[in-house]
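Report on the structure
As a plain string of letters, each chain reads:
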Amino acid sequence: MDVLINVFVALHIIGIASLLGGFLTQMKAMGAGTARFSPSMLHGALTMLVTGVALVGLNQADDQTVNNLKVGIKLLILVVVLGLVYVKRDEEKVDKGLFAAVGGLTMANIFIATLWV
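Now for a look at the structure at hand. (Residues numbered from 1 in each chain as written. Predicted model: local features only at pLDDT ≥ 70, side-chain atom pairs only at ≥ 80, totals over all residues. Heavy atoms only, no water.)

Things to note about helix α1 (residues 2-25)
For α1, which comprises 24 residues, the first-to-last C-alpha distance of 34 Å matches the rise-based estimate of 34 Å (1.5 Å per residue) to within 8%. What α1 keeps buried is the set Ile5, His12, Gly15, Ile16, Leu19, Leu20, Gly22 and Phe23. Along its buried surface, α1 packs onto α2 (27-32), α3 (39-61), α4 (68-87) and α5 (96-115). (Helix = DSSP H or I, 4+ residues; strand = E, 2+ residues; numbered from the N terminus. Expected span 1.5 Å × (residues − 1). Buried < 20%, exposed > 50% of the residue type's maximum accessible area, 1.4 Å probe, protein only. Contact = heavy atoms within 4.5 Å.)

This is the structure we're talking about:
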């Protein structure tokens, strides 16, 4: 079971890297007001959602404790990010504030995952 959990953790990290990487590569364009949500950002957020749900299920099946409050907050943030990226994915440019919000929420999710014990 540990190997399976670790595979899903790795896939979850790949998803966050795709979402955050898509944001970071558009920072210069955000300054110019021409940033847009890339497909990698949408796919990264979807990967995070699927692997995160799988991780909660696998950890509970393995009788490990799961902090439901932490998972719920992370899920809420991810759903907001996923909704924003999905709705605005076809637009040629996205408002600076909206784009920055997605990046900020993504980083907040990372800090919640790593600092909340």
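Some thoughts on the pattern of salt bridges
Applying the stated criterion to the full structure yields one salt bridge. Linking Lys88 and Glu91 is a salt bridge whose minimum nitrogen-to-oxygen distance equals 3.4 Å. Under the relative-accessibility criterion, Lys88 is labelled partly exposed at 26%. (Salt bridge = Lys/Arg side-chain N within 4 Å of Asp/Glu carboxyl O.)

Looking at the packing of α4 against α5
Where α4 meets α5, the axes come as close as 10 Å, and the angle between the chain directions of the two elements is 160°. If you check the angle between α4 and α5, you find them roughly antiparallel. In the packing of α4 onto α5, the handedness of the crossing is left-handed. Contacts from Lys70, Ile73, Lys74, Ile77, Leu78, Val80, Val81, Leu84 and Val85 in α4 reach Leu98, Val102, Leu105, Thr106, Asn109, Ile112 and Ala113 in α5. Here the residues of the contact of α4 with α5 are counted per class, giving 12 nonpolar, two polar and two charged. (Axes fitted to C-alpha atoms, helices over the stretch in contact; angles between N-to-C directions. Parallel < 35°, antiparallel > 145°, perpendicular 65-115°, else oblique. Left-handed = near helix turned anticlockwise from the far one by under 90°. Nonpolar A, V, L, I, M, F, W, Y, C, P; charged D, E, K, R; others polar.)

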